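# Reading the structure
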Number of protein chains: 2
Amino acid sequence: MNGAQSLLGTLVRSGIEVCFTNPGTSEMHFVASLDREPEMRAVLVLFEGVATAAADGYARMINKPAATLLHLGPGLANGLSNLHNAKKARSPVVNIIGDHATYHLPFEAPLTSDVKAFAAPVSHWIKSSPNAADVGQDTAEAVRAANSNGGQIASLILPADTAWTPASDYGFYRTPPMPDTPPQAAITKASKMLKNSKKTVILISGHALRAKGVKAANRIAVKSGAQVFADTFNARMERGAGRYNIKRLPYFAEQVSEILAGTEQLIIVGSKPPVSFFAYPDTPNYLVPDGCQIHTLSTPAENSISALEAVADEIGAPKNPHGRIDLIRPELASGGDIASSVWQAMAHFMPDDSIVVDEATTSGIASEMFLANAPSFDYLQLTGGSIGIGLPLSLGASIACPGRKVICGQGDGGAMYTLQALWSQAREQCDVVNIIFNNRKYLILEIEIMRVGAENIGPKALDMFDIGRPEIDWCKLAEGMGVHSIRVSSVQEVNHAMEFCMKNKGPHMIEVIL
Amino acid sequence: MNGAQSLLGTLVRSGIEVCFTNPGTSEMHFVASLDREPEMRAVLVLFEGVATAAADGYARMINKPAATLLHLGPGLANGLSNLHNAKKARSPVVNIIGDHATYHLPFEAPLTSDVKAFAAPVSHWIKSSPNAADVGQDTAEAVRAANSNGGQIASLILPADTAWTPASDYGFYRTPPMPDTPPQAAITKASKMLKNSKKTVILISGHALRAKGVKAANRIAVKSGAQVFADTFNARMERGAGRYNIKRLPYFAEQVSEILAGTEQLIIVGSKPPVSFFAYPDTPNYLVPDGCQIHTLSTPAENSISALEAVADEIGAPKNPHGRIDLIRPELASGGDIASSVWQAMAHFMPDDSIVVDEATTSGIASEMFLANAPSFDYLQLTGGSIGIGLPLSLGASIACPGRKVICGQGDGGAMYTLQALWSQAREQCDVVNIIFNNRKYLILEIEIMRVGAENIGPKALDMFDIGRPEIDWCKLAEGMGVHSIRVSSVQEVNHAMEFCMKNKGPHMIEVIL
């Protein structure tokens, strides 16, 4: 056994079953170890930002980390932006990052870099493992770190000589403690606040947006009259028929301020006090009304579901309140806005337990309305604001849940960052429907440049939002990577394409010309 | 005038003429300022790794920095791996990185990150500019830093409130001092070494690989009998007919060791003592023979050309030695290896003063032979080992030199990391011929896994090098981004495609099926 084999064997023995890989020479011993571990699935990707986003999507759906295999500092660097998103999603991820042999580092070969420094901005846990004898235990600790505190990013650096030096054993994985229910005092305080007739908002994020948590929040709302909201962007929401509804806070700050106006009490559940996504001149960015009392019922590292259930019980909320979502599939559109018709046709055709990935940005406005009474589904969003996650997040979700249809609504601007994910979807025969909203613009920026108060906007500025010169042919891009594609430019074509893609296994791409 | 206008105006007044942009909301005031500055050309890219590599290519060809415009920490993160390459190339680059308003940072909005920490591993100079009154001067200092010490990476962080707050003036740019000629003692010592009849090797990198430096090195070789080599990978070499030749050290360590065996003296010119690209078990990584005396004639920050000329003069070398490269265009191939025929046809058809970008990896073996007597050209390589630079480096070189043909020999694996560069090539109507060597493999890794001594390599491991499942259709990918493409799978087709692309303005793609 060598260090790489100890590492890989420890991953498997710590419960890791999937590794999204983009290896280079310094990872060759890890790669050579793959055939020793039949329980480890290696999913090759062609760009590291695909690996890290796929690990994020996998973790969101299966509640445990995947590993990534990345090639030294620059390989890690290519994965950082989607690790930023994963960090904000509190997705557990275990990065294995190869490095030069320890004795080679002082010589400043071309690929020499400070791997730890690259990892630092996105990692909760970092270690370079200099000895083959210890790498197994370091690996077990990395997995433990990833599984701790509600989900963390762990980055384990594997020098080449650690990989090839003899090792004697695997690391021993200690399961981290389950998330604690918050202290009774926090529950009692929330319960008291909910009985004092003040205007109260409960703001929820994280695991409490699974069906059980949303049900408990609805119980509380019915009993107390408090309003309940989810964050604007969330890692995973269990939605659709048979569950309870929860509204999300809107994107723009002034809309949030309007909703929260007059709120006297804010109860935070796995979230934090709301702030605007960006700051704007002369506009409030901290969106809690003056004088509003804030109480944190649970942190993201605590068990927010049991906290909500405890509060619901303590205030005597009904066990099964009215308001379960009925299944009402919308009719197909026969005209009107094409982007809206996509969500309408999606809800019309989507199978039970689909996974909907939403990075549609400005084309996603109708999703809320049409998905409201869709069959049960999981809803995954961009959590860290770094666009370019939809396609690889869908890859990871599909690897986690191979029996479920994954539907990705994706803006064209964001899609371009990690389009290489399409190739891995094809390679792994993932049942994903990638819907590209092709409006040939960074449309959100046309809106934002007005909102930030910029003046005298001329043609050079506007040219920075125009991604239609030249036009991007998404069907060709998809087919170039082995993914079946359909271009649609009318509501009728949307309906036909959606029906086809929902009834036939993917991957598919639907390019929607707006 | 606001802070963004002060910044942009200072860039222009400091000599910066091009900015490779991928902006978001926090950069909107910068974008809105573009129309005030007609001398600033803004080149939109769809992925930040394209921006940073294009800035590198631009700087290599024009000897001054371009700016990049990047969206907060995650946008910078996407550009880091090619900044790593630019750093190793000693290319001057000025990154402008937007950030949240200073007062917004404490609230941990989704896009909040530690931008300085992201910038640190690749930057020689970093500053966040918290006041609009100072941002002009900070900008001038950033440009000065980029232009200092032989070329550096400067990262200037622009908080949104700095951008929109009133400012009063532009920054004043102080030109950095020209690189010094090394101290006379270093020149005298080299001259003495070159007269003592010991076996001597001169190893050159950096600016000394321009024609003047290589000529001076050839003068020294003719007079002294010393052997002269360039590093294996270099930012820019002026090559071809009318100039002098210089061999490069080969890639594999054992080949370098064989070349250097018996060397008693090593004179370093803008380089460093040779080490292997990667370390391998039981193989030397430091490649200087035991007992060899090392003398650094010049550092990368010094004027290596004047150093070589001074040494040549001091030892009485002939002013114009024999050995100028003759123009001998090879005949076209009529059969044989297709990858080789590409380089053969390139040398047959390429116009004078072409720019050849080489990230062909295993498909580039024949380039040395066929380009040896080509017409004068610049030769640009991957300096930092982080694959995925060829297409955007070509974009940047073409923006710098719009009248010159850029020819990029690019492996398919590396091409996939930054294929978005094709779109910007089409948008800017760059005269680039992108040649993709499609061997459907990470072939270098099939070689490397044997070299690192990994054993029991099975089908799962081999699957990690197979990028032909599914097959990638590079013509469709190019056409999807607006680039004309030709697929070739015979020597005759190579010849025809090369002739067409050399005679017609680009951008083009030639997909070579190997």
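It should be emphasised that the depicted structure is a prediction, and the values quoted were computed from it without experimental measurement.

### Section: the state of the cysteines
All names here are of chain A. Scanning all chains against the criterion turns up zero disulfides over all chains. Cys408 takes part in no disulfide bond, and the closest cysteine sulfur to it belongs to Cys430, at a distance of 12 Å. For Cys408, a relative accessible area of 0% corresponds to the buried category. Considering cysteine sulfurs only, Cys501 is the nearest to Cys475, which forms no disulfide, with 10 Å between them.

### Describing the environment of Leu203 of chain B
All names here are of chain B. Along the polypeptide, Leu203 turns up in strand β7 (residues 200-204). Accessibility expressed as a relative area gives 1% for Leu203, which makes it buried. Separated by 155 residues in sequence, Leu203 and Glu48 place their C-alpha atoms 34 Å apart. Setting aside residues no more than four positions away along its own chain, Leu203 makes contact with Phe229, Ala230, Asp231, Leu249, Leu266, Ile267, Ile268, Val269, Ser271, Lys272 and Pro274.

### Side note on the pairing of strand β11 (residues 265-269) of chain A
Residues and elements named next belong to chain A. Of all five residues in β11, five are buried; the element is thus mostly enclosed. Of the two faces of β11, the one holding Gln265, Ile267 and Val269 and the one holding Leu266 and Ile268 are both buried throughout. In this sheet, β11 lies alongside strand β7 (residues 200-204) in parallel orientation, the contact comprising five bridges. Each bridged residue has a counterpart across the sheet, and for Ile204 the counterpart in β11 is Val269. In the sheet, β11 pairs with strand β12 (residues 293-298) via five bridges, with the strands oriented parallel. Paired with Leu266 across the strands is Ile294, a residue of β12.

### Re unusual backbone geometry
Keep in mind that most residues, glycine aside, have a negative phi and that most peptide bonds are trans. Of the consecutive residues Gly506 of chain A and Pro507 of chain A, the connecting peptide bond is found in the cis state with omega at 5°. Residue placement: Pro507 of chain A occurs in the loop between α20 (491-503) and β18 (508-513). We note that Glu108 of chain B has phi near 55°; this positive angle belongs to a residue other than glycine. Relative to the assigned elements, Glu108 of chain B resides in the loop between β4 (93-99) and α5 (115-119). Of note in the backbone geometry, Arg440 of chain B takes a positive phi value of approximately 60° without being a glycine. Given the relative accessible area of 21%, Arg440 of chain B is considered partly exposed.

### As for the packing of helix α12 (residues 338-349) of chain A against α20 of chain A
Residues and elements named next belong to chain A. Between α12 and α20, the least distance of the axes is 9 Å, while the angle of their chain directions is 35°. α20 is crossed by α12, and the crossing has right-handed handedness. Seen from α12, the contacting residues are Ile338, Ser341, Val342, Ala345, Met346 and Phe349; seen from α20, they are Val491, Val494, Asn495, Met498, Glu499 and Met502. The residue inventory of the contact of α12 with α20, partitioned by class, reads nine nonpolar, two polar and one charged.

### Details of the side chain of Arg239 of chain A
Residues and elements named next belong to chain A. Within the secondary structure, Arg239 is located in strand β9 (residues 237-239). Classification of Arg239 by relative accessible area gives buried; the value is 8%. Apart from residues no more than four positions distant in its own chain, Arg239 is found in contact with Glu368, Leu371, Pro375, Ser376, Phe377 and Tyr379.

### Thoughts on the packing of helix α3 (residues 48-62) of chain B against helix α4 (residues 72-89) of chain B
For any two helices packed against each other, the geometry is given by the interaxial angle and the distance between the axes. Residues and elements named next belong to chain B. Where α3 meets α4, the axes come as close as 6 Å, and the angle between the chain directions of the two elements is 25°. In terms of their interaxial angle, α3 and α4 are classed as roughly parallel. When the axes of α3 and α4 are compared, the crossing they make is right-handed. Only Gly75, Asn78, Gly79, Asn82, Leu83, Asn85, Ala86 and Ala89 of α4 make contact with α3, whose side of the interface consists of Glu48, Gly49, Thr52, Ala53, Asp56 and Arg60.

### Notes on the confidence of the model for chain A
Mean pLDDT over chain A stands at 97; residues scoring 70 or higher make up 100%. Per the prediction output, this complex has pTM 0.98; the corresponding ipTM is 0.97.

### Thoughts on the relation of the copies chain A and chain B
Once chain A is rotated about the relating axis by 180° and shifted along it by 0.0 Å, it coincides with chain B to within an RMSD of 0.0 Å. In symmetry terms, the pair is related by a two-fold rotation axis. An overlap of 100% is found between the interface residues of chain A and their copies at the interface of chain B, pointing to a shared contact surface.

### Things to note about the interface of chain A and chain B
Counting residues at the interface gives 97 residues for chain A and 97 residues for chain B. Taken together, the two surfaces of chain A and chain B that pack against each other cover about 8200 Å², and 65% of this comes from carbon and sulfur. Connecting chain A to chain B are six salt bridges. For Glu108 of chain B, the salt bridge identified is with Lys88 of chain A, shortest N-O distance 3.2 Å. The tally of links between chain A and chain B comes to 52 residue pairs in polar contact (both at pLDDT 80 or more). Looking at the side of chain A that touches chain B, the elements that each hand over two or more residues are α2 (28-33), β2 (41-44), α4 (72-89), α5 (115-119), α16 (421-427), α17 (443-451), α18 (459-463) and α19 (474-480) of chain A. Take the side of chain A that touches chain B: its biggest share by element is eight residues, from α4 of chain A.

### Looking at the domain arrangement of chain A
Residue and element names in this part refer to chain A. For chain A, the assigned domains read domain 1 (3-164), domain 2 (184-314) and domain 3 (338-513). Just the C-alpha atoms count here: the centres of domain 1 and domain 2 sit 35 Å apart. Taken together, the seven residues of domain 1 in the interface contact seven residues of domain 2. Summing both sides of the interface, domain 1 and domain 2 together bury roughly 580 Å²; the carbon and sulfur share of this comes to 50%. Among the residues domain 1 hides against domain 2, the three largest losses belong to Arg60, Asn63 and Arg90. Together they make up 57% of the total. The interface formed by domain 1 and domain 2 includes zero salt bridges. At the junction of domain 1 and domain 2, the tally comes to three residue pairs in polar contact (both at pLDDT 80 or more).

### Concerning the environment of Lys247 of chain A
Residue and element names in this part refer to chain A. Along the chain, the position of Lys247 falls in strand β10 (residues 247-248). On the accessibility criterion, Lys247 (56% relative accessible area) is exposed. Contacts of Lys247, omitting those with residues within four sequence positions, involve Val228, Phe229 and Ala230.

### Describing the UniProt feature "domain: Thiamine pyrophosphate enzyme TPP-binding" (unreviewed entry) in chain A
Mapped onto the present numbering, the UniProt feature "domain: Thiamine pyrophosphate enzyme TPP-binding" (unreviewed entry) falls at residues 382-512 of chain A. Span residues 382-512 of chain A is 43% helix and 18% strand, its end C-alpha atoms 21 Å apart.

### Observations concerning the packing of aromatic side chains
In this structure the tally under the stated criterion is 21 aromatic pairs over all chains. A centroid spacing of 4.9 Å and a plane angle of 70° characterise the contact between Tyr251 of chain A and Phe252 of chain A, whose relative ring orientation is edge-to-face. For the pair Trp343 of chain B and Phe437 of chain B, a centre-to-centre distance of 5.9 Å together with 20° between the ring planes defines the contact as stacked. Taken together, the residues Trp343 of chain B in helix α12 (residues 338-349) and Phe437 of chain B in strand β16 (residues 432-438) connect sequence positions 94 residues apart. Residue class for Trp343 of chain B comes out buried when judged on its relative accessible area of 0%. On the accessibility criterion, Phe437 of chain B (1% relative accessible area) is buried. By the ring-pair criterion, three or more aromatic residues cluster together here, those being Phe233, Tyr251, Phe252, Phe277 and Phe278 of chain A. Residue placement shows Arg13 of chain A over the ring face of Tyr170 of chain A; its charged tip is 3.9 Å from the ring centre.

The rules we used
- Residues numbered from 1 in each chain as written.
- Chains lettered and ligands numbered in written order.
- Predicted model: local features only at pLDDT ≥ 70, side-chain atom pairs only at ≥ 80, totals over all residues.
- Heavy atoms only, no water.
- Disulfide = S-S within 2.5 Å.
- Buried < 20%, exposed > 50% of the residue type's maximum accessible area, 1.4 Å probe, protein only.
- Helix = DSSP H or I, 4+ residues; strand = E, 2+ residues; numbered from the N terminus.
- Contact = heavy atoms within 4.5 Å.
- Pairing = 2+ DSSP bridges.
- Axes fitted to C-alpha atoms, helices over the stretch in contact; angles between N-to-C directions.
- Left-handed = near helix turned anticlockwise from the far one by under 90°.
- Nonpolar A, V, L, I, M, F, W, Y, C, P; charged D, E, K, R; others polar.
- Parallel < 35°, antiparallel > 145°, perpendicular 65-115°, else oblique.
- pLDDT = per-residue confidence, 0-100.
- Least-squares fit on C-alpha atoms with pLDDT ≥ 70 in both.
- Buried area = accessible area lost by both parts, 1.4 Å probe.
- Salt bridge = Lys/Arg side-chain N within 4 Å of Asp/Glu carboxyl O.
- Polar contact = N/O pair within 3.5 Å; in protein donor to acceptor, adjacent residues only side chain to side chain.
- Domains from an automatic or database assignment.
- UniProt positions renumbered as here; feature names shortened; annotations may be inferred.
- Phe/Tyr/Trp six-rings, centres within 6.5 Å; stacked < 30°, edge-to-face > 60°.
- Lys NZ or Arg CZ within 6 Å of the ring centre and 35° of its normal.

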